[in-house]
Every structure is written in structure tokens, then in C-alpha cells.
Amino acid sequence: MSVAFTKEESAETAAETLLPDRAISPHPNLVTEAGLKALEAQMQEARVAYEAAAGVEDVNEKRRQQAGPLRDVRYLSERLRTAQLMPEPVSNEIVAFGSTVTFSRDDGRVQKYRIVGEDEADPKAGSISYVAPVARILMGKAVGDVVTVGDQELEVVAIS
């Protein structure tokens, strides 16, 4: 049936419930143990939110409230299905997935990040994705190594 023959409210509700899927990264879904647990917790939260919305009596409101959690469940299901749990680094000699690396920039700033999976990356909290340009360049480097990122030089100061 054409939207022209539906109540305006129903057309608006339909648009609100057809949320686009969250983009799935083309990169391998590497995760730390904490990252895997976080994905599992997020999945549980999305399921609880979806089930809570199921109790709403108004059909349009139910669809509206279930749309976000349903999209999250689809995304998280795929991320959990493809998750590759990575072991903790065996050494602090070189930068690896799961390492915390401290580096200095040629402008004097010193930064410290843990290299983690894409879903758990949060630069403000001190973690970056292993596919981030800085992480890619630092992987495999040792203390004292200098790398160039764009027009800046970074020196690895510490690995933990």
C-alpha cells in the first residue's frame, strides 16, 4: 500500500523503525579478552532493551523502541561470531596487539595508548584500534625506534 493512503503518523513510525545496519569493518575482528567481554555485555544489554520494548502495547511505539536494540543485536551477533580472541603479548620487547605503547612526538607531546580491537578502541580512555594509522606504524617496533606518521616523527619510549 502506498504511503499516500496511510496515516502520516504511521509513515513517520515506519521510517523510524527502518534503521540502517551498523557498518561491519572489513578488517579481521581481533579482540582482547576485555573486548570480548564488553561485546558480550553489550549484546546482553541490547537483548534486555529489545525485550523490554516488547511489553509496549502500542504497535508503532513498540516498533520505534525495538528498532535500535534490534539493529544492535544484529551488529553484535556478527561481531561476536567473527571475534578472534588474541592472546596477551608474550613480551614487552616489541609493540604488538594488546601492548600499551608510550611514544613522544617531535612537538614534545608524550602519548600512551593500548592497541586493541576496533570495537573497544576509545582514544580518550587511552586505547586505539590496531587498524589506526599510528597503531599500524608502531606495531613491531621496539623502544628507541623512530617512525614517521604524516609530517611527524614518533619515538617509542616504553612498551608494557
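Residues numbered from 1 in each chain as written. Predicted model: local features only at pLDDT ≥ 70, side-chain atom pairs only at ≥ 80, totals over all residues. Heavy atoms only, no water.

Draft legend 1. Up close: the overall build of the protein. Regarding its fold elements, the protein presents 4 helices and 7 strands. When the elements of the protein are put in sequence order from the N terminus, they spell out α-β-α-α-β-β-β-β-α-β-β. Across the 160 residues of the protein, 32% fall into the buried class. Considering only intrachain contacts with a sequence separation of at least 6, the fraction spanning at least 24 residues in the protein is 56%. (Helix = DSSP H or I, 4+ residues; strand = E, 2+ residues; numbered from the N terminus. Buried < 20%, exposed > 50% of the residue type's maximum accessible area, 1.4 Å probe, protein only. Contact = heavy atoms within 4.5 Å.)

Draft legend 2. Quick peek at the environment of Val143. Looking at where Val143 falls in the secondary structure, it is placed in the loop between helix H4 (133-138) and strand S6 (146-149). With 50 residues separating them along the chain, Val143 and Glu93 place their C-alpha atoms 7.4 Å apart. Among all residues touching Val143, those that are not within four sequence positions of it are Glu93, Val156, Val157, Ala158 and Ile159.

Draft legend 3. Structural view of the packing of aromatic side chains. Tallying each qualifying case throughout the model produces 2 aromatic pairs. Judged by centre distance (5.8 Å) and plane angle (70°), the rings of Phe97 and Tyr130 are edge-to-face. Residue Phe97 is located in the loop between strand S2 (84-85) and strand S3 (100-105), and its partner Tyr130 is located in the loop between strand S5 (127-129) and H4; the two are separated by 33 residues in the primary sequence. For the pair shown, Phe97 and Tyr130 are each scored as buried. Stacked on the ring of Tyr75, the Lys or Arg Arg22 has its end atom at 3.9 Å from the ring centre. (Phe/Tyr/Trp six-rings, centres within 6.5 Å; stacked < 30°, edge-to-face > 60°. Lys NZ or Arg CZ within 6 Å of the ring centre and 35° of its normal.)

Draft legend 4. A look at the nonpolar core. Core analysis: the largest hydrophobic core is formed by 18 residues, its most contacted members being Val101, Phe103, Ile115, Val134 and Leu138. Among the elements of the structure, S3, strand S4 (110-116), H4, S6 and strand S7 (152-159) are those that each provide at least two residues to this core. The contacts of Val101, once residues within four sequence positions are left out, are Val95, Gln111, Lys112, Tyr113, Ile115, Leu138, Val156 and Ala158. Core analysis: the second largest hydrophobic core is formed by 8 residues, Leu36, Met43, Val73 and Leu76 among them. (Core = buried A, V, L, I, M, F, W, Y, C linked by side-chain atoms within 4.5 Å.)

Draft legend 5. Region of the structure containing helix H3 (residues 59-82). The terminal C-alpha atoms of H3, which comprises 24 residues, lie 34 Å apart, in line with the 34 Å expected from a rise of 1.5 Å per residue. Restricting attention to buried positions, one finds in H3 the residues Asn60, Gln66, Ala67, Gly68, Pro69, Val73, Tyr75, Leu76 and Arg79. Where H3 starts, the residue carrying a side-chain oxygen 3.3 Å from the main-chain nitrogen of Asn60 turns out to be Asp58. (Expected span 1.5 Å × (residues − 1). Polar contact = N/O pair within 3.5 Å; in protein donor to acceptor, adjacent residues only side chain to side chain.)

Draft legend 6. How the structure looks around the pairing of S4. Where S3 and S4 come together, 5 bridges link them in antiparallel fashion. Counted as the bridge partner of Val101 is Tyr113 from S4. In textbook terms, the turn of a hairpin is the stretch between consecutive antiparallel strands, and for S3 and S4 this stretch comprises 4 residues, one of which, Gly108, has a positive phi near 100°. As judged from the 3 bridges shared by S4 and S5, these two strands associate in the parallel manner. By the bridge assignment for S5, Ile115 is matched with Ile128. (Pairing = 2+ DSSP bridges.)

Draft legend 7. Geometry of the sheet that holds S5. Pairing within the open sheet is mixed, and its 5 strands lie in the order S5-S4-S3-S7-S6. Edge positions in the sheet fall to S5 and S6, since each has one partner strand and no second. Averaged over all adjacent pairs, the angle separating strand axes in this sheet is 45°, with direction ignored. (Axes fitted to C-alpha atoms, helices over the stretch in contact; angles between N-to-C directions.)

Shape descriptors only; they carry no functional weight alone.
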